[in-house]
Every structure is written in C-alpha cells, then in structure tokens.
Amino acid sequence: MPDAILRIALPSPLRRLFDYRAPPGVPRSALQPGARLRVPFGRRELIGILIEVTDHSEVPADKLKPARQLLDAQSPLPPALFKLCLWTAQYYQHSLGDTLSWALPVLLRQGEPAEVRQQRFWHLAAGAQLDDPRLSRAPRQREALQTIAQHPHGVAQQLLGQLQLSRESLGLLHEKGLVRIEIRRHAASERHLNWLAEPELPLNPEQRSAAEAIRAGFGRFNAFLLAGVTGSGKTEVYLQLIRETLEAGKQALVLIPEINLGPQTLARFERRFNARIALLHSGVNDRERLDAWLAARDGEADIIIGTRSALFTPMQRPGLIIIDEEHDASYKQQEGLRYHARDLAVVRAHQENIPILLGSATPSMESLHNAHSGRYALLHLHQRAGGAQQPRFLRLDVKSRPLDSGISAPMQQAIAQTLAAGQQVLVFLNRRGFAPTLLCHDCGWLSECPRCDARMTVHQRSGELRCHHCGHVERQPSNCPTCNNVDLRPVGAGTERAEERLGILFPQVPVLRVDRDSTSRKEAMTSLFNTVQRGAPCILVGTQMLAKGHHFPRVTLVAILDADGGLFSADFRASERMAQLIVQVAGRAGRAEEPGKVIIQSHLADHPLLVQLTEQGYFAFAEQALSERRSAGLPPFCHLALLRAEAHKPGQAEGFLDEACNAAELLVNELKLSGIELLGPVPAPMERRAGRYRAQLLVQANARAPLHRLLGSWMLALEQMPGGRAVRWSLDVDPIDLF
Ligand code: ADP
Ligand code: ZN
Ligand code: ZN
C-alpha cells in the first residue's frame, strides 16, 4: 500500500495546500480530516489542518517531509463551520489555511488541546487518618492534609495558592494514598423550565408585530432587517426572540460592534436569562475565549455574544443569529482576511438553515437594498419604546461666521441656554486631539508627517504632534523647524481644543471628554458616566465613541460641530457614514419629558442630503442616497474588489499593479467575462503612509459570478508574478473603504 499523503492547509498567504507524509508511527486510520498537525515549514514549524488523505502527490517522494505530530483525534472544527470557512476563503479569495487559522481561537492555533479545560480537585482519600503516623515528621504535609479535610467538596487546583497549599506536599500525600484527585469537566448547563431571570416587558404593538413576523420565520433560513429608531426597543425584541430560541432547545448567536463604552448590553443579557452566556470580545483573554468557543461548540453555552470574529463560533444546536447595529463598520475586518461579519452571518444562517435578524436605527445601504429587492423582510419600529420623542434637528449655516475653537456664537448661546435650564449638552466632533495641524504664521510651514502624506495632529496636553495614520510621534516644536519663528499656530479644532474652550466659556459646569485618548482607562469611563447619570448640568465632548451604546437621558442638546467632512469627501460612502453618525449621536439624547434638540453646524447647510436627513429623517436620506448610487453605478448596484499594493520605492507598487491589470485583461478575454471594468492603477488617495508608497486598482463588476471567476484565476496568476515579491499586496472584496 502506498504511503498516505496528507494534504494540509497551512496558515500561509499562498492559496494552495501542502503535501506531507504521516507523522512516524501514526496509522492512516488515525488521520481524520480537520485534525491539526504540527509540520516543518522551511525553518519554522507551523500548525496546519488536514484537508484530505490521498495516495498521490505532485511532489517527488524524496522531497516529501513527514508531519511531526498529530494534535487531534477528531476535527476540533465541526463540519458546518468548516463549510463556512471554505465559503469564506473562496469568496474573499483568501488562502484556506489562513482562513481556518483566523476562525480558530488563538490557543488552538498554537496547538492547545481542543478540550474544555478540566479542573482538578483535591480530596481526602477514603480511610485517610489525619494523624497518620507517616506524617509525624512531616508537619507541612500534616497541615496540608488538615486543610484538605476542611473542604468536604474538594479544593480546586487554582485555589491551592490562596490556601497556602504547596503542590509538593500534596504530591507526597498523593503518593501515600492520603489524598485523591478528581477531574471535573464543566457541567453542561441544565435545561431550564424557566429561562427568565427577570420578567419581560410587555411589547408595544410595533414590537409585537415585528416579533411575530420573525417568529413566523423560525426553524428555517429567513433574513430580517429590523429598522428601529434608537430607543425603539430593538434589544427587547432580540431578548424575547432569544428566549423562544432557548425554549426550543437551540442556541442564539449575537454579534455586537466593538465595544467602546463598556459592557452595558452584556449586563442586560445576563440580567434577563438563567442561561450560560459565552462571551467572545476583545476584553476576554485567550483562555476564556477558548473555553467559550468550546462551550458553544459542545452545546454547553446557550447564548453566544461577541464582536466580529465571534461569527466563527461553532454551535451544536444553532437556532438564531442576531447582528446588532448591522451598519457598524467594525464588522468589516480591515487586515488579513478582509471579511464582513454581517455578510458572512447571512451566509452562515443560510447554510445552517436558521433565521437571522439584522438590527439598526440606521441600516446600511447594502441591507436596505437587500430589503427592497426582497432578500430581507423589512420591519420598522418608528416610536421610542419609553414614550420619548424623536429629537428635532436644526441646521446652522456657519458660512462666513467666525468659529471660536470650532464653536459658532449661536451654538454657544444654545449651549448656555441648555445649561441654564439645568440640562446637559453633548458636543460631537469626530476629530481627536487639539488641532489637526500646526502652522507657522511666518513661512507657512505645516506639521507634516515624515512618513505619510498627512499632517500630524497637535496634542496640546501631552505637548506632542501625532500622526493618526501611522502612529509617528514628535515633541511639539516651540520654534518653526524651517524659519525658527516662534509664532506657531494650531489650525482647526479637535475634541481637546473644544474641551478646553468650553471649559473657559462655561466654568460653572464640568466638561467631560470622551475619545480614544481620554478613555483608555475603564474606571475613568465608569466614573465619567456616573457623573452624567447623576443628571447635574454638564457638557460631554467627544468623537464617535459617544455614538455607541450609551443613553444619556438628561442630555437635551446635541451640538454637532462639523458635518462637512461627510458632504464633500471623495469617498462615496462618506455621506452615509455622516448620516449614520448624526442619527446615532442624536439618538443618545432626550427622554419623555425633555425632548432633544440637535444643532448641526455646516458650511453646506443647504446640501440636499443634509436637508433630507434633518427634515425627513434617515430613511428619506437613504432613499435619496440609494438613488444617487444607482444612477452612478456604485455599490450596492455594482460589485467591487480593490487590489492594494505598497512598496518602499516610489513607482514599485504601481508597476506591479500595471502588470496585474494586464493579467486581468487577458483573463477577462480568455474567460469571456462581461460587465467587468478595471479602474486604475492609481496612487492611493494618501499615497505615502508609514513610509510606504501605495497604489490601488479597482475592479468593478455588474454581477458577482463573473467577478469571482476572474478573481479566482487572477489571484493565482498574481502569486506567480515576480513583480509581486518586492511589494506588499492584498485583495479586498467588497471594500468599505477605498483609501
Ligand atoms: P434599542 O435597542 O432600539 O435602542 P432598547 O431595547 O434599548 O431600544 O429600549 C430602549 C428603552 O426602552 C429601554 O430602556 C427599554 O427598557 C425600554 N423599552 C423597550 N421596550 C419596551 C416596552 N415594550 N415597554 C416599555 N419600555 C420598553
Ligand atoms: Zn516658519
Ligand atoms: Zn504618519
């Protein structure tokens, strides 16, 4: 019988499998597809996944190396998840080995056993005597035995330190047969008769009809888009549908955006259910993540909640997937495997034949388009659940008005009035730091980043200039580096400057800043929110971090300092993002007795999209934006893939993309593909970043099928291209960011 050849997917960017012989002494019958193996790879050792066992290899027999070690008797990844990974690798044109590696928890990638951590417990052995004569000269062992005896349910291994029990003494006691070790697995969570730990709220008529529509789609694939204004009770609808899923003996997977402002949503789930909840977000360490993943896989966790990558959590009894804030950009991974967790979640729901619910106050154009074309059922919640009213919007034209640290005089008056009425103000400015640039008033020098085509931001507090694109930091100069003049002026305003100015204008109230610079510490955030919750007048200043998660019922004025960036950006998605941000920030404010007011400063106060948004609301805006995209032939009315390249020398990246473009043109002809356009190559909008020159080539297609036929062959051709060695290149299918 010929030697077994193992075809293994390795965490490598190369889109192919690698052949090995079986590890010495491992019989063919022990090699199950999906199992992990350690293999030699060049000078390194990698952990790969067995895809199949065959008899033939293209590689000459004397070049085939044996794998070093088989790590699993069975695949740690259940078939359903394996299928999802295959689909993902295909769709995003990413190597299968790398995709599988992304999908596995870090510890499994590193070779940890794929088993729930077993806990050791130490017990007194049957018949052991505390005054055993063998211990007469071993006071430490005697003491240890006494301590163990005081714990009739045993002492968990991890408590040994706290109880001052040394492993050595216990080991000796174990040898003498005086203590015994028990291995306990996590118990499967019990089936509950009552899953509720607190009563549910009675749903209002809108919530009820949405929940009924979704319930009618249970038990098979159905996609729903729940478009409900902020505070309309979407979460309450999720919770009740999850309860029904649990009652049916199934598991629910809930994806949430990257959490900035602490675990409020999580707390709500934990309060509601008598259920085992597995958490998979950035605050969870690798060990906890593996345990959560295994618990979900083995059906021991009932609800799985996590950010983007939690999408790849296997479930034994999947019943429902929920994507909260489906429009959020954090669902798209921007490096490596550039997947969109929302889009993949729909694929997964389809593969597993279960319903999926996408929720948002500001649905993405993609999801609205899917709803319009009948792929998703669209459900609306128009009213705020607690009875609060929608905020009123005012556009404030600041053309030719002086701005005082970014704040116009009428805006200052509105803030003053709100504070005088004993209420709170939220000032929104999506720009960190003190000012976006430092300018020499004498010679015109600007604080440019030495490594990027970008200006460095002034951070006054720390006395630094920082590049927000590459992280480069310099001390803020006191003299102009060019002419030595001392008249250096910060131009424009960021949150730090707004905070400082507001503190001077309104010294009687606290001014609290919320952005990535101010909130790195969790406790700082908590105390800040406590101050806000107490309700005394104050001003909150912050970036989009303010738009996520929290409710500020006492805020009655939302001051948006700058909406212009979203109106004249080169990125066709900028207006959508701006609208979502404005609506999300606005939705943080106001409650029943005190409806909120939102004032938007703009130099383009009459821009049709801004008018539409503020006068007729997000959905009118979205219709307008969609019809503009349709006539311009932009997504979701076409499909894009972006090939990016970067290199140390100017021209190198573009040279590679020129070659790539030629190769694509050949393939388009050869495969007789129609409706495909190649745009570029062009330098990236920010040509130099972190010292590298960047260029890009955009592929635009009317339909997905020809696009994907092209991409498959194209990527294999690019891997062979010599020009590709000197550049870093990557493909982004359905890019959400063209920069
Ligand atoms: P969303 O997820 O749409 O932002 P939430 O579910 O967080 O909305 O609800 C907003 C507020 O309204 C919460 O305080 C919630 O407790 C309350 N709420 C939700 N549904 C109801 C209901 N049916 N009756 C009364 N209050 C509700
Ligand atoms: Zn100068
Ligand atoms: Zn830089």
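Residues numbered from 1 in each chain as written. Chains lettered and ligands numbered in written order. Predicted model: local features only at pLDDT ≥ 70, side-chain atom pairs only at ≥ 80, totals over all residues. Heavy atoms only, no water.

- Looking at an unreviewed UniProt entry, one finds the chain named Replication restart protein PriA and attributed to Pseudomonas borbori.
- Check the Sequence similarities (unreviewed entry) section of the UniProt entry for the chain; it says "Belongs to the helicase family. PriA subfamily."
- A UniProt comment under Subunit (unreviewed entry) is attached to the chain, and it reads "Component of the replication restart primosome." (UniProt positions renumbered as here; feature names shortened; annotations may be inferred.)

Considerations on the site of ligand 1
Here is step 1 of the chain: In the vicinity of ligand 1, 15 residues are found, and the nearest of them are P202, Q207, K234, T235 and R268.
Here is step 2 of the chain: Here an oxygen atom of ligand 1 sits 2.8 Å away from a polar atom, N or O, in the side chain of R268.
Here is step 3 of the chain: Burial of ligand 1 by the protein chains amounts to 72% of its free accessible area of 550 Å².
Here is step 4 of the chain: Looking at the shell around ligand 1 element by element, the count peaks at three residues for helix α7 (residues 234-247). (Near = heavy atom within 4 Å. Polar contact = N/O pair within 3.5 Å; in protein donor to acceptor, adjacent residues only side chain to side chain. Areas by Shrake-Rupley, 256 points an atom, 1.4 Å probe, with all protein chains shown as cover. Helix = DSSP H or I, 4+ residues; strand = E, 2+ residues; numbered from the N terminus.)

Quick word on unusual backbone geometry
Here is step 1 of the chain: Note that the residue after P635, namely P636, is joined by a cis bond; omega there is 5°.
Here is step 2 of the chain: Among the structural elements, P636 can be located in the loop between α17 (618-632) and β27 (639-647).
Here is step 3 of the chain: A positive phi angle, close to 50°, is found at S405, a residue other than glycine.
Here is step 4 of the chain: Turning to its location among the elements, S405 is positioned in the loop between β16 (392-397) and α12 (409-420).
Here is step 5 of the chain: Phi at K672 takes a positive value of approximately 50°, unusual for a residue other than glycine.

Some points on the coordination of the zinc ion (ligand 3)
Put simply, the ideal angle at a metal is 109.5 degrees for four donors in tetrahedral geometry and 90 or 180 degrees for six donors in octahedral geometry.
Here is step 1 of the chain: Around the zinc ion (ligand 3), the protein contributes the donor atoms C449 (SG), C452 (SG), C467 (SG) and C470 (SG), at 2.2 to 2.3 Å from the metal centre.
Here is step 2 of the chain: Geometry at the zinc ion (ligand 3) is tetrahedral, judged from the four donor atoms that bind it and their angles of 104 to 114° at the metal. (Donors = N, O, S within 2.8 Å, 3.2 Å for Na, K, Ca; no water. Tetrahedral: all angles 85-135°; square planar, octahedral: opposite > 155°, others 65-115°.)

Notes on the pattern of salt bridges
Side chains that carry opposite charge are capable of pairing whenever their charged atoms lie near each other.
Here is step 1 of the chain: Evaluated as defined, the whole model comprises 39 salt bridges.
Here is step 2 of the chain: Between E244 and R215 there is a salt bridge, with the nearest N and O atoms lying 2.6 Å from each other. Of this pair, E244 sits in helix α7 while R215 sits in helix α6 (residues 205-216), placing them 29 residues apart in sequence.
Here is step 3 of the chain: A residue is classified by how much of its surface remains accessible, and E244, at 15% relative accessible area, is buried.
Here is step 4 of the chain: The exposure class assigned to R215 is partly exposed, which follows from its relative accessible area of 35%. (Salt bridge = Lys/Arg side-chain N within 4 Å of Asp/Glu carboxyl O. Buried < 20%, exposed > 50% of the residue type's maximum accessible area, 1.4 Å probe, protein only.)

Focus: the packing of helix α4 (residues 139-149) against helix α5 (residues 167-175)
Here is step 1 of the chain: Where α4 meets α5, the closest approach of the two axes is 9 Å, and the angle between their N-to-C directions is 85°. Compared by their axis directions, α4 and α5 come out roughly perpendicular. For the pair α4 and α5, contact is made by R140, Q141, A144, L145 and I148 and by S169, L170, L172 and L173, respectively.
Here is step 2 of the chain: Among the residues forming the contact of α4 with α5, the class breakdown is six nonpolar, two polar and one charged. (Axes fitted to C-alpha atoms, helices over the stretch in contact; angles between N-to-C directions. Parallel < 35°, antiparallel > 145°, perpendicular 65-115°, else oblique. Contact = heavy atoms within 4.5 Å. Nonpolar A, V, L, I, M, F, W, Y, C, P; charged D, E, K, R; others polar.)

A closer look at the UniProt feature "binding site: Zn(2+) 2" (unreviewed entry) in the chain
Here is step 1 of the chain: UniProt's feature table lists "binding site: Zn(2+) 2" (unreviewed entry) at C449, C452, C467 and C470, given in the numbering used throughout. Judged by maximum C-alpha separation, these annotated positions cover 22 residues in sequence but sit close together in space, the widest gap being only 8.8 Å.
Here is step 2 of the chain: Locating C449 in the fold gives a position in the loop between β18 (437-440) and β19 (457-459).
Here is step 3 of the chain: Owing to a relative accessible area of 4%, C449 belongs among the buried residues under this scheme.
Here is step 4 of the chain: With near-sequence residues (within four places) excluded, C449 lies in contact with A454, R455, M456, C467, C470, H472 and R688.

Things to note about the coordination of the zinc ion (ligand 2)
Here is step 1 of the chain: Within the protein, C440 (SG), C443 (SG), C480 (SG) and C483 (SG) serve as the donor atoms for the zinc ion (ligand 2), at 2.2 to 2.3 Å.
Here is step 2 of the chain: Coordination geometry of the zinc ion (ligand 2): the four donor atoms subtend angles of 105 to 115° at the metal centre, consistent with an arrangement described as tetrahedral.
Here is step 3 of the chain: Mapped onto the sequence, the residues coordinating the zinc ion (ligand 2) show the spacing C-x2-C-x36-C-x2-C. A residue pair is termed long-range when its members are at least 10 positions apart, and C440 in strand β18 and C483 in the loop between β21 (473-475) and β22 (488-491) qualify at 43 residues.
Here is step 4 of the chain: Taking the relative accessible area as the measure of exposure, C483 reaches 31% and is therefore partly exposed.

Examining the pairing of strand β10 (residues 251-255)
Here is step 1 of the chain: Of all five residues in β10, five are buried; the element is thus mostly enclosed.
Here is step 2 of the chain: Judged by which residues are buried, β10 turns out to be covered on both faces: Q251, L253 and L255 on one side and A252 and V254 on the other are all buried.
Here is step 3 of the chain: When β10 meets strand β12 (residues 303-306), the two strands line up parallel, connected through four bridges. Bridging from a neighbouring strand, V254 pairs with I305 of β12. (Pairing = 2+ DSSP bridges.)

A few points about the sheet that holds strand β25 (residues 555-560)
Here is step 1 of the chain: Within the open sheet, the six strands sit side by side as β16-β26-β25-β17-β24-β23. Their pairing is parallel. At either end of the open sheet lies a strand with only one pairing partner, and these are β16 and β23 (511-514). Each neighbouring strand pair of the sheet contributes to a mean axis angle of 20°, computed without reference to strand direction.
Here is step 2 of the chain: Judged from the six bridges that link them, β16 and strand β26 (residues 597-602) form a sheet pairing that is parallel. When the bridges of β26 are listed, F393 appears paired with V598.
Here is step 3 of the chain: In the packing of helix α16 (residues 608-616) onto the sheet, the strands contacted are β16 and β26, and the crossing angle to β16 comes to about 150°.

A few points about the sheet that holds strand β4 (residues 44-54)
Here is step 1 of the chain: With respect to topology, five strands assemble into an open sheet ordered β2-β1-β4-β3-β5, the strand pairing being antiparallel. Edge positions in the sheet fall to β2 (18-21) and β5 (69-70), since each has one partner strand and no second.
Here is step 2 of the chain: Of the pairings in the sheet, the one linking strand β3 (residues 36-41) to β4 comprises six bridges and is antiparallel in character. Bridge assignment links L37 to a residue of β4, and that residue is G48.

Description of empty space enclosed by the protein
Here is step 1 of the chain: One pass over the full model with this rule turns up one cavity of 30 Å³ or more.
Here is step 2 of the chain: For the largest cavity, the calculated volume is near 40 Å³.
Here is step 3 of the chain: As for the largest cavity, its lining consists of P650, G651, Q652, A653, E654, E687, Y693, R694 and A695.
Here is step 4 of the chain: Secondary structure elements with two or more residues in the lining of the largest cavity: α18 (652-670) and β29 (692-701).
Here is step 5 of the chain: Looking at the lining of the largest cavity residue by residue, the classes come out as four nonpolar, two polar and three charged. (1 Å grid on protein atoms, 1.4 Å probe; cavity = no way out; pocket = protein on both sides within 12 Å on 5 of 7 lines; lining within 4 Å. Points joined across faces, edges and corners; volume = space filled by probe spheres on them.)

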